[in-house]
Amino acid sequence: MAAADFDLAGAVRDGIRCMLMRGGTSKGAYFVADDVPADRAVRDDLLLRIMGSPDPKQIDGVGGAHPLTSKVAIVSPSSEPGIDVDYLFLQVVVDEPVVSDAQTCGNLLAGIGPFAVERGLVPAGGDHTSVRIRLVNTGDVATSAFPTPGGRPDYAGEQAIDGVPGTAARIELEMSSGGRPLLPTGHVVDEIAGHAATLVDNGMPVVLLRAEDFGVTGDESPAELESRADLRSQIEAVRLTAGKLMGLGDVTTQTVPKMFLLSPARNGGAISTRAFIPSRVHPSVGVLMAASVAAGISIPDAVGSEFARLPAEGPIEVEHPSGSFPALVRVGKADDGAWTGTSTSIRTARKLFDGLVFPRA
Ligand code: NQM
């Protein structure tokens, strides 16, 4: 929709078509691109009104007052050959008037295939449907496979994922990289503010740090870590430098890179993690974050590789505050010696609500 065609008063009165979905361990508002203004400033202003930002409670909108529940997906048919739909992810900051496209979200990605079928953007392919999705934020491509018995997405199933109660239908997400290097600085370890750091991007830019270097054990609760102002400012200082080194520019108002404190696994997995995303501590772990951690610790000498217990084959279990995330990654070296990575993840998603959302006037 062109900016000139957008009528905010009309949207306030008549509403905008929107589906609320849980995607993995996150939740967000999904829109077809044609239903929202194309102009970035007009669109962002509308999304702030819809989600209820800026306000720590997002009380006057549909946002859930946490970064993991203040997310938006905008989906459109793709003009790219071999790709079905384009998925633009937008993080609506809870307590600031900011909408950021600087990162993608692998959790909301889980809902994109079913949403595309629900909205008629992609036909169901029989009992199972496979949708090729271009992640507009990063240029990566995902193939999402999910059940569509009778030609409709079926959200019920037997798949459990840590961080979500019960079970739901299995959604398989296979990621291929858009050609970015796995190690954006070209180094396995960089030293930042006196700390060893491995900077990795296997779908999500992350910084791997040793928990013990920051005076914590790495099994503290998210609330405990969030309450440590000294720790948060130390980590933020590393993040600002890491962002520049990773080619992300000034990341002061961005939500990437994500900051990981690593320690030895406690529950039989490969490694234990606590992720600053970046101002809150993740109650579990993001999909692409886990893929980036798993790829990083698979590289000899990377931070965390010295205590990671990697399986001979199969998924790498990335432990987090509410369980474990099985990240199946393939890490290799290209002809020029640069490290490369791809990943496969299992998620679930669920349609929660479909209808009209009414932005704040
Ligand atoms: O890493 C959290 C999440 C995410 C990102 C965040 C994500 C991913 O758990 O793939 O999904 O944005 O900080 O949803």
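Sequence order as written defines residue numbering, which begins from 1 separately in each chain. Confidence filtering applies because this is a predicted model: local features only for residues at pLDDT of at least 70, side-chain atom pairs given and counted only at 80 or more, and all residues used for totals across whole chains, interfaces and linings. The basis for every side-chain value is the complete set of heavy atoms in the structure, and neither hydrogens nor water enter the calculation.

(A) Geometry of the site of the ligand. When we say a residue is near a molecule or strand, we mean one of its heavy atoms is within 4 Å of it. Around the ligand sit 16 residues, and of these Ser26, Gly106, Lys258, His282 and Leu288 come closest. At a separation of 3.0 Å, an oxygen atom of the ligand approaches a polar backbone atom of Met289. We get accessible surface area from the Shrake-Rupley algorithm with a probe of 1.4 Å; when it comes to residues, only the shown protein chains can shield them. Protein chains shield 100% of the accessible area of the ligand, which is 360 Å² for the free molecule. Secondary structure elements follow DSSP: runs of H or I no shorter than four residues count as helices, runs of E no shorter than two count as strands, and numbering proceeds from the N terminus. When contributions to the shell around the ligand are tallied by element, the ones reaching two or more residues are helix 3 (106–118) and helix 6 (287–297). When residues of the shell around the ligand are assigned to their parent elements, the largest contribution, three residues, is made by helix 6. Under this definition, polar contacts are N or O atom pairs within 3.5 Å; protein pairs additionally need one hydrogen-donor-capable and one acceptor-capable atom, and for neighbouring residues in sequence, both atoms have to be side-chain atoms.

(B) View of the pairing of strand 11 (residues 205–210). Between buried and exposed lies partly exposed: a residue is buried under 20% and exposed over 50% of the maximum accessible area for its type, with that area taken using a 1.4 Å probe on protein chains only. Within strand 11, six of the six residues are buried, which leaves it mostly tucked inside the rest of the structure. Judged by which residues are buried, strand 11 turns out to be covered on both faces: Pro205, Val207 and Leu209 on one side and Val206, Leu208 and Arg210 on the other are all buried. The pairing of strand 10 (residues 195–201) with strand 11 spans four bridges and is classified as antiparallel. Each bridged residue has a counterpart across the sheet, and for Leu199 the counterpart in strand 11 is Val207. Should DSSP find at least two bridges between two strands, the strands are regarded as paired.

(C) The arrangement of the packing of aromatic side chains in detail. In summary, the pairing rule links any two rings of Phe, Tyr or Trp, Trp by its six-membered ring, whose centres are within 6.5 Å, and it sorts them by plane angle into stacked for under 30 degrees, edge-to-face for over 60 and tilted for everything else. If you walk through the whole model with that rule in mind, you get one aromatic pair. Ring geometry for Tyr30 and Phe115: centres 5.5 Å apart, planes at 50°, overall tilted. One end of the pair, Tyr30, is in strand 2 (residues 26–32); the other, Phe115, is in helix 3, and 85 residues separate them in sequence. In terms of burial, Tyr30 and Phe115 fall into one category: buried.

(D) Spatial organisation of the nonpolar core. Nonpolar core, defined: a set of buried Ala, Val, Leu, Ile, Met, Phe, Trp, Tyr and Cys residues in which side-chain atoms within 4.5 Å join the residues together. Counting residues in hydrophobic clusters, the biggest one holds 63 residues, and the most contacted among them are Tyr87, Leu109, Ile112, Leu208, Phe260 and Val318. For this core, the element with the most residues is helix 6, which contributes nine residues. Three or more residues apiece are contributed to this core by two domains, here domain 1 (3–178 + 348–357) and domain 2 (190–337). Counting 19 residues, the second largest nonpolar core, distinct from the first, contains Ala29, Phe31, Val36 and Leu46. Domain ranges listed in this record stem from an automatic or a database domain assignment.

(E) A look at the domain arrangement of the protein chain. As far as domains go, the protein chain holds domain 1 (3–178 + 348–357) and domain 2 (190–337). Using C-alpha coordinates to define each centre, domain 1 is positioned 25 Å away from domain 2. We call two residues in contact when some of their heavy atoms are within 4.5 Å. In this complex, domain 1 contributes 20 residues to the contact, which on the side of domain 2 involves 21 residues. Buried area is a sum: the accessible area each of two parts loses on coming together, probed at 1.4 Å, counted once for each and added. Overall, the association of domain 1 and domain 2 removes approximately 1400 Å² of surface from exposure, summing both partners, and the carbon and sulfur fraction of that is 60%. On the domain 1 side of the contact with domain 2, Leu68, Gln103 and Asp162 bury the most area, a combined 30% of that side's loss. Salt bridges are defined as contacts in which a side-chain nitrogen from Lys or Arg sits within 4 Å of a carboxyl oxygen from Asp or Glu. Viewed at the interface, domain 2 and domain 1 are joined by zero salt bridges. Run the count over domain 1 and domain 2 and you get three residue pairs in polar contact (both at pLDDT 80 or more). Those elements that provide at least two residues to the side of domain 1 that touches domain 2 are helix 3 and strand 8 (171–176). Just so you know the grouping, Ala, Val, Leu, Ile, Met, Phe, Trp, Tyr, Cys and Pro go in nonpolar, Asp, Glu, Lys and Arg go in charged, and all remaining residues, Gly too, go in polar. For the side of domain 1 that touches domain 2, the per-class residue count stands at eight nonpolar, nine polar and three charged.

(F) Looking closely at the pattern of salt bridges. For the coordinates displayed, the defined rule picks out 17 salt bridges. Arg170 serves as the salt-bridge partner of Glu172, at 3.4 Å between the closest nitrogen and oxygen. Given a relative accessible area of 42%, Arg170 falls into the partly exposed group. Its salt-bridge partner being Arg210, residue Asp213 comes within 3.9 Å of it at the nearest N-O pair. Residue Asp213 is classed as partly exposed on the basis of its relative accessible area, which comes to 30%. Among the charged side chains, a network of salt bridges with common partners joins Asp140, Arg180 and Asp201.

(G) Region of interest: helix 3. Multiplying 1.5 Å by the helix residue count minus one yields the expected span of that helix. The first and last C-alpha atoms of helix 3 sit 19 Å apart over 13 residues, in line with the 18 Å expected at 1.5 Å per residue. At Ile112, helix 3 is deflected by roughly 30°, the largest bend along its length, and proline Pro114 occurs up to four residues later in sequence. A large share of helix 3 lies buried, amounting to 12 of its 13 residues. At the C-terminal side of helix 3, Gly120 shows a positive phi close to 75°. One axis fitted to the seven residues ending at a residue, another fitted to the seven starting there: the angle between these axes is the bend at that residue.

(H) Structural detail: the pairing of strand 8. Burial along strand 8 is one-sided: the residues Ile171, Leu173 and Met175 are buried and none of Glu172, Glu174 and Ser176 is. Relative to strand 8, strand 7 (residues 141–147) runs antiparallel, the two being bridged by five bridges. Across the sheet, Thr143 pairs through a bridge with Glu174, a residue of strand 8.

(I) Spatial organisation of helix 6. Within helix 6, 11 of the 11 residues are buried, leaving the element largely enclosed by the surrounding structure. Taken together, the buried positions of helix 6 are Val287, Leu288, Met289, Ala290, Ala291, Ser292, Val293, Ala294, Ala295, Gly296 and Ile297.

(J) Molecular detail of the side chain of Thr344. Following the sequence through the fold, Thr344 ends up in strand 16 (residues 339–347). Residue classification places Thr344 among the buried residues on the basis of a relative accessible area of 10%. Those residues within four positions of Thr344 in sequence are excluded, and the remaining contacts are Glu172, Leu173, Glu174, Ala327, Leu328 and Arg330.

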